[in-house]
Amino acid sequence: MRGALVIVLVALAGCGTEGEASLDAAPDSILDASVEDATAADADAASDADLPTPDVPLPPDAVDHDPDPEVVHVRLRAAPREFVVRGETVSGFAYNEVNPAPTIRARRGSRVIIDVDNQLEAPTTIHWHGLHVPFDMDGVVWMGAPIGAGETFRYEFVVSQQAGTYWYHPHFDTERQVDLGLYGAFVIEDPVEPASDLDAVVFFDSWGEAPGTSGHTGHRDGTHLTWTANNVAEGALRVAAGSVVRLRLLNASNAGYLNISGQGMRAIGASQGLLPADREWRERELLVPGDRRDFEVRVGSEAVEIRTAPHTLHGGAGHGDERVLFRIEPTGEAELPSGLDWPSPEIRPSVDPSYTDILYSFQGDTDLERWFINGERFPDVTIEEVPLDSVQIIELRNVSPAEHPFHMHGHGFEILSINDVPVSTYSFVDTFNLPVRSRVRIRLIADNPGDWMTHCHILPHAYDGMMTVLRVLAASP
Ligand code: C2O
Ligand code: CU
């Protein structure tokens, strides 16, 4: 199974300039465009100059098959997709034949029904990353079976907790299936949202993590990967001058980190919804695998370059220059518009009570490629059990030589402190980077019963063992 992956990645990373039309000739052959784009960098300068900047396509919105405004009913068909690279046919996967998959949009409080038709040759599931869904809808195979090849499954839940930018991806055979293209955004809107002119979902993914270099190991330093935005390298999103864009950025890479900046861009949302208005402005925002960040981008008459600075998993800023991921290009001329406004309730960060209910120690060895939590490797793990509706103070200690994007299913959690420094503004997230040798304390309200996967979102780390289970019991104390 690994072989197919290797072929795709090697081919995409190393192919020449003669991209071919896709076999199935779908009009949305986004990946084919990226094949050409990704290779443009390797082409000689003369032919480079002739290539127009490709468009960054936005993923389509999923079709809602239910007329009831309170219900969103979506159909997703997971199936292989073939691509021709340099005359060679290579295989990837897609939902509804597009990558990124259709964006599911729902209003807070809606019932969402997703019918999945598995036309892959392998079992699959869908996990709703960041959503507080009932455990049996979480898409993990801890207790249940995956959706077999050729089978269908209906996911159904109410999105009541939080608005914001989420995503969906398989949670079975995860490392391979996500890498081959199975992911899409899930946007939940509140009745009152900042009024942008364009709401744009952009997924970053990385290419070139072929084994034989250093593999999917966590040695990844974003610098050495080819990054695409909605499958296009260094493309342009063209918008009318004078508009305000709400840019929802997601990192679907298995292991690559991004450290994002762009002139005048302001982060307005993170993994569990809008940020408090009093959060300090940061020149860069780290976007780790699995994480999301919403930005306000005010577009005047100048293009805005969305860049990444090198970031190494071994301790932060890496060597090398910033690179452009894509550009937002204005069409026409206009003044810089004013920024977005939204009601942002003043929530003060909780005070750290200084005791610890649960300790997760992240351990590992980058040479041996062994990753543990508390000395255990999934699935041979000790399950922590906590009563329903209890407040849990969890200490995350990273004693390994690599960073880890910590992710917990079924809940969001509040960051209390990082290396003993209390956070200055309220921060409620579902994915959080643990720097090397750090101590991060979080507060969890265990309000969703189930056996929740708790893991590093560097998928090779998770599937090497850096994953455990937090059991929230069905009854209160
Ligand atoms: Cu994106 Cu276990 O998650
Ligand atoms: Cu990790």
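Residues numbered from 1 in each chain as written. Chains lettered and ligands numbered in written order. Predicted model: local features only at pLDDT ≥ 70, side-chain atom pairs only at ≥ 80, totals over all residues. Heavy atoms only, no water.

J.: Explain the overall build of the protein to me, and be specific about the residues and the numbers.
T.: A tally of regular secondary structure across the protein gives five helices and 33 strands. The proportion of buried residues among the 477 residues of the protein is 56%. A separation threshold of at least 6 residues defines the contact pool for the protein, and within that pool the share at least 24 residues apart is 78%. A total accessible area of about 18,500 Å² is found for the protein, and carbon and sulfur atoms account for 51% of it. (Helix = DSSP H or I, 4+ residues; strand = E, 2+ residues; numbered from the N terminus. Buried < 20%, exposed > 50% of the residue type's maximum accessible area, 1.4 Å probe, protein only. Contact = heavy atoms within 4.5 Å. Areas by Shrake-Rupley, 256 points an atom, 1.4 Å probe, with all protein chains shown as cover.)

J.: Describe the sheet that holds strand S16 (residues 285-287), listing the residues and the values that go with them.
T.: The strands making up a sheet are joined through hydrogen bonds of the backbone, oriented either antiparallel or parallel. One open sheet accounts for five strands, arranged S11-S21-S18-S13-S16; its pairing is mixed. Of all the strands in the sheet, just strand S11 (235-240) and S16 have a single pairing partner and so form its edges. With strand direction ignored, the average angle separating the axes of adjacent strands in the sheet is 25°. Note: strand S13 (residues 258-261) against S16, three bridges, orientation antiparallel. What sits directly across from Ile260, in S16, is Glu285. (Pairing = 2+ DSSP bridges. Axes fitted to C-alpha atoms, helices over the stretch in contact; angles between N-to-C directions.)

J.: Before we move on, could you go through the coordination of the copper ion (ligand 2) and cite the residues and values that matter?
T.: Where a metal carries four tetrahedral donors, each ideal angle is 109.5 degrees; where it carries six octahedral donors, the ideal angles are 90 or 180 degrees. The protein atoms donating to the copper ion (ligand 2) are His404 (ND1), Cys456 (SG) and His461 (ND1), with metal-donor distances spanning 2.0 to 2.1 Å. Between consecutive donor residues of the copper ion (ligand 2), the sequence gaps follow H-x51-C-x4-H. Here His461 lies in helix H5 (residues 459-464) and His404 lies in strand S26 (residues 404-408), a separation of 57 residues in the sequence. Of the two residues, His404 and His461, neither departs from the other in class, the shared state being buried. (Donors = N, O, S within 2.8 Å, 3.2 Å for Na, K, Ca; no water.)

J.: Which residues make up the environment of Arg266, and what values go with them?
T.: Of note, Arg266 is situated in strand S14 (residues 266-270). Residue class for Arg266 comes out partly exposed when judged on its relative accessible area of 28%. The spatial distance from the C-alpha of Arg266 to the C-alpha of Arg284 is 9.5 Å, given a sequence separation of 18 residues. The residues touching Arg266, leaving out its near neighbours within four places in the chain, are Trp281, Asp294, Phe295, Glu296, Leu340 and Trp342.

J.: Can you tell me about the sheet that holds strand S8 (residues 184-189), naming the residues and giving the values?
T.: Spatial strand order, S3-S8-S7-S5: four strands in an open sheet with mixed pairing. Since the sheet does not close on itself, it has two edges, and those belong to strand S3 (101-107) and strand S5 (127-129), each with one partner. Going from strand to strand, the sheet's axes swing by 25° on average, the running direction of each strand aside. Pairing geometry for S5 and strand S7 (residues 164-169), over three bridges, is antiparallel.

J.: If you had to explain the confidence of the model for the protein to someone new, which residues and values would you point to?
T.: Scored by pLDDT, the protein comes out at a mean of 85, with 84% of its residues at no less than 70. Of the regions scoring below 50 in pLDDT, residues 84-88 engages in 17 contacts with residues more than four places distant in sequence or in other chains. Every residue in residues 210-222 is under pLDDT 50, and counting partners more than four places away or in other chains gives 38 contacts. (pLDDT = per-residue confidence, 0-100.)

J.: Which residues make up the pattern of salt bridges, and what values do they have?
T.: Per the stated rule, a full pass over the model turns up 34 salt bridges. Here Arg248 ties to Asp199 by a salt bridge, and the two come within 2.9 Å at their closest N and O atoms. Of this pair, Arg248 sits in strand S12 (residues 244-251) while Asp199 is found in strand S9 (residues 198-207), placing the two residues 49 residues apart along the sequence. Residues joined by salt bridges that share partners form a network here, namely Asp55, Arg238, Arg284, Glu305, Arg307, Glu322, Arg327 and Glu329. (Salt bridge = Lys/Arg side-chain N within 4 Å of Asp/Glu carboxyl O.)

J.: Report on the side chain of Glu414, specifying residues and quantitative values.
T.: Among the structural elements, Glu414 can be located in strand S27 (residues 413-418). Residues in contact with Glu414, not counting those within four places in the same chain, are Pro349, Ser350, Tyr426, Ser427, Phe428, Arg441, Ile442 and Arg443.

J.: Please give an account of unusual backbone geometry that cites residues and values.
T.: In this structure, Pro100 follows Asn99 across a cis peptide bond, with omega equal to -5°. For the bond running from Phe378 to Pro379, omega is 5°, close enough to zero to count as cis. Of note, Asn230 is a non-glycine position whose phi angle comes to about 45°, a positive value. Looking at where Asn230 falls in the secondary structure, it is placed in the loop between strand S10 (226-229) and S11.

J.: Before we move on, can you summarise the nonpolar core with the specific residues and values?
T.: The biggest cluster of nonpolar side chains holds 37 residues, and the ones touching the most others in it are Tyr360, Leu396, Phe406 and Phe413. There are two domains that each give this core at least three residues, and those are domain 2 (28-53 + 196-345) and domain 3 (347-472). Setting aside its immediate chain neighbours within four residues, Phe413 contacts Phe406, Met408, Ser427, Phe428, Val429, Asp430, Thr431, Phe432, Ile442, Arg443 and Leu444. Membership of the second largest hydrophobic core comes to 30 residues, among which are Tyr95, Ile104, Trp128 and Phe157. (Core = buried A, V, L, I, M, F, W, Y, C linked by side-chain atoms within 4.5 Å. Domains from an automatic or database assignment.)

J.: Describe the pairing of strand S22 (residues 358-365), naming the residues involved and giving the relevant values.
T.: Relative to strand S25 (residues 390-398), S22 is paired through five bridges, and the arrangement is parallel. When the sheet's bridge partners are listed, Tyr360 is paired in S25 with Leu396. The pairing of S22 with strand S23 (residues 370-373) spans four bridges and is antiparallel. Bridge pairing in S23 links Gly364 to Trp371. In this antiparallel pair of consecutive strands, S22 and S23, the connection spans four residues, and Glu369 shows a positive phi of 60°.

J.: Give me the side chain of Thr174: which residues, what numbers.
T.: Tracing the chain through its elements places Thr174 in helix H4 (residues 174-179). Exposure remark for Thr174: the relative accessible area of 2% places this residue in the buried category. If near-sequence neighbours (up to four positions away) are discounted, Thr174 is found in contact with His169, Asp179, Leu459 and Tyr463.

J.: Report on the packing of aromatic side chains, specifying residues and quantitative values.
T.: Summed over all chains, the structure comprises 16 aromatic pairs. Judged by centre distance (5.7 Å) and plane angle (40°), the ring pair of Trp142 and Phe378 falls under tilted. With Trp142 in the loop between S5 and strand S6 (152-158) and Phe378 in the loop between S23 and strand S24 (384-386), this residue pair connects regions lying 236 residues apart in the sequence. Owing to a relative accessible area of 24%, Trp142 belongs among the partly exposed residues under this scheme. (Phe/Tyr/Trp six-rings, centres within 6.5 Å; stacked < 30°, edge-to-face > 60°.)

J.: Could you give an account of the environment of Val244, naming the residues involved and the relevant values?
T.: The topology assignment puts Val244 in strand S12. For Val244 and Asp197, which are 47 residues apart along the polypeptide, the C-alpha to C-alpha distance reads 5.4 Å. With sequence-adjacent residues up to four places away left out, Val244 is seen in contact with Ser196, Asp197, Leu198, Glu296, Val297, Arg298, Pro337, Ser338 and Leu340.

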